[in-house]
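# Chains, contacts and geometry: an overview
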Amino acid sequence: MKKITTALLAAGLVLSASACSAPQQLSTADTCSRVKTVISNPTNTTDKTGTIRVANQLRPIEAVSSDELKPTLKTIVDYLDESAKDNPDAAKLNALKNDYQNAGTNYSKYCGG
């Protein structure tokens, strides 16, 4: 009886551990909702600290975002990371700027601005 209980307990722990390690992909609506929460937070300002904070809050959302918004969020995070550097690479930032603007358009397409 003790061996059966131990085996069932071990199997339950393995199943629960595997369920925790596999992130669920969000729907487009859920992705939009989470992104809107981040960008509407009043502590996320446009200064360097706020830019870093926004990028750090978007990273985990990007990892599980819908297929439609994953490239958009990656572009936004890349742009925010470069712009928040002490000495951003002007050429790289300029190259990312067009992609960042297109990402904003794509975000508006799926999330309604």
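Structure: above.
Heads up: these notes are all about the structure in this document. (Residues numbered from 1 in each chain as written. Predicted model: local features only at pLDDT ≥ 70, side-chain atom pairs only at ≥ 80, totals over all residues. Heavy atoms only, no water.)

## Details of the layout of surface pockets
Counted as a void, the largest pocket has a volume near 320 Å³. Lining the largest pocket are 14 residues, with Ile39, Val54, Ile76, Leu80 and Tyr100 positioned closest to its centre. For the lining of the largest pocket, the secondary structure elements donating two or more residues are helix 2 (28–40), helix 3 (48–64), helix 4 (70–83) and helix 5 (90–111). For the lining of the largest pocket, the residue count by class is nine nonpolar, five polar and no charged. (1 Å grid on protein atoms, 1.4 Å probe; cavity = no way out; pocket = protein on both sides within 12 Å on 5 of 7 lines; lining within 4 Å. Points joined across faces, edges and corners; volume = space filled by probe spheres on them. Helix = DSSP H or I, 4+ residues; strand = E, 2+ residues; numbered from the N terminus. Nonpolar A, V, L, I, M, F, W, Y, C, P; charged D, E, K, R; others polar.)

## Re helix 4
The end-to-end C-alpha distance of helix 4, which contains 14 residues, comes to 20 Å, matching closely the 20 Å that a straight helix rising 1.5 Å per residue would cover. Buried residues in helix 4 make contact with helix 2, helix 3 and helix 5. (Expected span 1.5 Å × (residues − 1). Contact = heavy atoms within 4.5 Å.)

## A look at the packing of aromatic side chains
Enumeration over the complete set of coordinates arrives at one aromatic pair. Here the aromatic rings of tyrosine 79 and tyrosine 100 are separated by 4.0 Å at their centres, their planes lie at 20°, and the arrangement is stacked. Here the residue tyrosine 79 occupies a position in helix 4, and tyrosine 100 occupies one in helix 5, the gap between them amounting to 21 residues. Assessed through its relative accessible area of 15%, tyrosine 79 is described here as buried. (Phe/Tyr/Trp six-rings, centres within 6.5 Å; stacked < 30°, edge-to-face > 60°. Buried < 20%, exposed > 50% of the residue type's maximum accessible area, 1.4 Å probe, protein only.)

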